[in-house]
Amino acid sequence: MKHILITVLLIIIGGCASWPDEGQGGWAEKYQNYPLTDEQNELIYDTQETVVLSEFEHHVLKLDLLKAQGIKQCMPAQLLKAQIYENRIRRLIAAQMWEDAEHDLLIHYHGLNQLSKHFETVNAMTQCAGPTENEQVMTASLKEQITELLNSDNQFSFNDFQVTPKYISRLSQAADLIKQVDKINLLLVGHTDISGQQTNNYELALKRAETVKHWLGIYGVNLATITTLTQGSLSPYSNEPDSNAKRHSDRRVEAIVIDITDKDTNKKVHALSSWTKVLNGPKGQ
């Protein structure tokens, strides 16, 4: 029995000491060599500090929207409580207490969602908010913020249609704001860099747009309000000389926020079904 155990032990040790040749597999090939390239550094998920600051700005915007909608007239005590909690997080950020701030942001997030739903119910039953002068201005600011989040950088890796972790967080924030705005549609236009054949680029770009649509749907956005198109590599992000950074920027989904109705201006509002013609048509259409 002793000899059998020794034999088994030698086999295990020998097996563990035997590695495949380079290019033939093995765990070592899964590890990334350092230092990272500039593009790989850009794809790394945000630091805790950046995430906290981004989420805090997002929550401040949501509370400002509730104030613009007249929540103070309906629920002054609950608004004051939310403002106190917001100031608490602001102090934690000023003291660079990132873990505590991140914990309180999670509580604040759920609190704002409950407050928003409660306010919507109370106002619908009592009309306590009344007309608000700042809501239209705030809605315009929200649309700008949605556009900025959806069009942020570092969306996709090379030859891939799965969104990066950093872009997923932006999509989550954008979806949260989209649900606060009535009567808008989204047009998502997929793009690629100049690598590869144009036919394949069309397909890849459409998959990227569909992936963004998929994630927005997961976060609660009505998919019926989203249309996807593909431009392949026809519309580069800029006219700068070809470089890795430029190609990285070209791997994107361009998001366009479209008002369903535009009564206050003389702008021409296109139906989503005609946007393919608009994108490929003459300037000024």
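Parameters and conventions
- Residues numbered from 1 in each chain as written.
- Predicted model: local features only at pLDDT ≥ 70, side-chain atom pairs only at ≥ 80, totals over all residues.
- Heavy atoms only, no water.
- Core = buried A, V, L, I, M, F, W, Y, C linked by side-chain atoms within 4.5 Å.
- Buried < 20%, exposed > 50% of the residue type's maximum accessible area, 1.4 Å probe, protein only.
- Helix = DSSP H or I, 4+ residues; strand = E, 2+ residues; numbered from the N terminus.
- Contact = heavy atoms within 4.5 Å.
- Disulfide = S-S within 2.5 Å.
- Expected span 1.5 Å × (residues − 1).
- Pairing = 2+ DSSP bridges.
- Axes fitted to C-alpha atoms, helices over the stretch in contact; angles between N-to-C directions.
- 1 Å grid on protein atoms, 1.4 Å probe; cavity = no way out; pocket = protein on both sides within 12 Å on 5 of 7 lines; lining within 4 Å.
- Points joined across faces, edges and corners; volume = space filled by probe spheres on them.
- Parallel < 35°, antiparallel > 145°, perpendicular 65-115°, else oblique.
- Nonpolar A, V, L, I, M, F, W, Y, C, P; charged D, E, K, R; others polar.

**Q** Would you mind showing me how to read the nonpolar core here?
**A** In terms of nonpolar packing, the biggest core is built from 27 residues, with Leu150, Leu171, Ile178, Leu188, Val212 and Leu216 touching the most fellow members. Listed by contribution, the elements that provide at least two residues to this core are helix H3 (48-68), helix H7 (135-150), helix H8 (165-178), strand E1 (184-191), helix H9 (198-218) and strand E3 (253-259). Ranked by the residues each element gives to this core, the list is headed by H8, at 6 residues. If sequence neighbours within four positions are ignored, Val212 has contacts with Phe156, Val163, Tyr167, Leu171, Leu188 and Val253. If you look at the next biggest cluster of nonpolar residues, it comprises 11 residues, including Ile71, Cys74, Ala82 and Ala129.

**Q** So what exactly am I meant to see when it comes to the state of the cysteines here?
**A** Note on terminology: disulfide describes a covalent bond linking the sulfur atoms of two cysteines. Applying the stated rule across the entire model yields 1 disulfide. Note that Cys74 is cross-linked by a disulfide to Cys128, the S-S spacing being 1.7 Å. Measuring the twist about the S-S bond at about 110 degrees, one finds the Cys74-Cys128 disulfide to be right-handed. With Cys74 in helix H4 (residues 71-74) and Cys128 in the loop between helix H6 (98-126) and H7, this pair connects stretches of sequence that are 54 residues apart. For Cys74, a relative accessible area of 17% gives the class buried.

**Q** Explanation requested: the environment of Glu55 in the structure shown.
**A** Relative to the helices and strands, Glu55 resides in helix H3. Separated by 115 residues in sequence, Glu55 and Arg170 place their C-alpha atoms 9.6 Å apart. With sequence-adjacent residues up to four places away left out, Glu55 is seen in contact with Leu105 and Gln173.

**Q** For this particular structure, what's the right way to read H6?
**A** An α-helical turn contains 3.6 residues, so a residue and the one three or four places further along point in the same direction. In a regular helix each residue adds 1.5 Å, so 29 residues correspond to 42 Å; H6 covers 40 Å between its end C-alpha atoms and thus fits that length. Turning to H6, its buried residues number three or more, namely Trp98, Ala101, Asp104, Leu105, His108, Leu112, Asn113, Leu115, Ser116 and Phe119. On the buried face of H6, the contacting elements are H3, H4, helix H5 (76-94) and H8. Of the residues trailing H6, Gln127 is marked for its positive phi of about 55 degrees.

**Q** Please clarify how the sheet that holds strand E2 (residues 226-232) should be interpreted in this entry.
**A** If you trace the 3 strands from one edge of the open sheet to the other, you get E2-E1-E3, paired in mixed fashion. Every other strand in the sheet has two partners, leaving E2 and E3 as the edge strands with one partner each. This sheet shows a mean twist of 20 degrees between the axes of neighbouring strands, independent of strand direction. The pairing of E1 with E2 spans 6 bridges and is parallel. Of the residues in E2, the one forming a bridge with Leu188 is Thr228. Across the sheet, H9 is in contact with E1, E2 and E3; its angle to E2 comes to roughly 155 degrees.

**Q** Can you help me understand H3 in this one?
**A** When the terminal C-alpha atoms of H3 are compared, their 30 Å separation across 21 residues agrees well with the 30 Å that a helix rising 1.5 Å per residue should span. Where H3 terminates, the next one or two residues include Gly70, which has phi positive at roughly 100 degrees.

**Q** I tried to follow empty space enclosed by the protein on my own but got confused; where do I start?
**A** With a probe scaled to a water molecule rolled over the atoms, the places where space remains empty come into view. The full count for this structure, using the stated rule, is 2 cavities of 30 Å³ or more. Size it by volume and the largest cavity reaches roughly 40 Å³. Lining the largest cavity we find Lys62, Leu66, Leu112, Ser116 and Gln180. Sorting the residues of the lining of the largest cavity by element identifies H3 and H6 as the ones contributing at least two each.

**Q** In this structure, what is going on with unusual backbone geometry? I would like to understand it.
**A** Among all residues save glycine, negative phi is the norm, and among peptide bonds the norm is trans. Not every positive phi belongs to a glycine, and Gln96 is a case in point at roughly 60 degrees. If you trace the backbone, Gln96 turns up in the loop between H5 and H6. Positive phi is not limited to glycine here, since Gln127 has a value of about 55 degrees. If you trace the backbone, Gln127 turns up in the loop between H6 and H7. Residue Gln127 is classed as exposed on the basis of its relative accessible area, which comes to 57%.

**Q** Would you mind showing me how to read the packing of H3 against H8 here?
**A** Helix-helix packing is characterised by the crossing angle of the two axes and by the distance between the axes. For the pair H3 and H8, the least separation of the axes is 11 Å and the interaxial angle reads 5 degrees. Between H3 and H8, the crossing angle belongs to the class labelled roughly parallel. Here H3 contributes Ser54, Glu55, His58, Leu61 and Lys62 to the contact with H8, which in turn contributes Arg170, Gln173, Asp176 and Leu177. For the contact of H3 with H8, the per-class residue count stands at 2 nonpolar, 3 polar and 4 charged.

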